[in-house]
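Below are the chains, spelled out letter by letter.
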Amino acid sequence: MMGWIALGLGLVLVIEGLVFALAPSRLDELVEMMASISRDQRRVIGLAAVALGVMLVWLGRALGV
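Residues numbered from 1 in each chain as written. Predicted model: local features only at pLDDT ≥ 70, side-chain atom pairs only at ≥ 80, totals over all residues. Heavy atoms only, no water.

(A) Spotlight on the pattern of salt bridges. Applying the stated criterion across every chain yields a total of 2 salt bridges. Here glutamate 29 makes a salt bridge to arginine 26, at a shortest N to O gap of 3.1 Å. You can see glutamate 29 and its partner arginine 26 sitting in helix α2 (residues 24-36), 3 residues apart, about one turn around the helix. A relative accessible area of 58% means that arginine 26 is categorised as exposed. Linking aspartate 40 and arginine 43 is a salt bridge whose minimum nitrogen-to-oxygen distance equals 3.3 Å. With a gap of 3 residues between them, aspartate 40 and arginine 43 both fall in helix α3 (residues 39-62), about one helical turn apart. Under the relative-accessibility criterion, aspartate 40 is labelled exposed at 54%. Accessibility expressed as a relative area gives 48% for arginine 43, which makes it partly exposed. (Salt bridge = Lys/Arg side-chain N within 4 Å of Asp/Glu carboxyl O. Helix = DSSP H or I, 4+ residues; strand = E, 2+ residues; numbered from the N terminus. Buried < 20%, exposed > 50% of the residue type's maximum accessible area, 1.4 Å probe, protein only.)

Below, the structure is given as structure tokens:
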């Protein structure tokens, strides 16, 4: 179990690091865009991302990963 958590966190850090390293100006644009979205819309986006993540984890486990 702990190995899966470490793997997941490592993959998140790799992806986040790539965004910061390869497209810092796009990140600035994204932050500006997110600031223009209402708090409720950001909450819905966050909940949708969590739901998608849970579904992907479930799918991966169902496929035997």
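Alright, that's what it looks like, and here's the rest.
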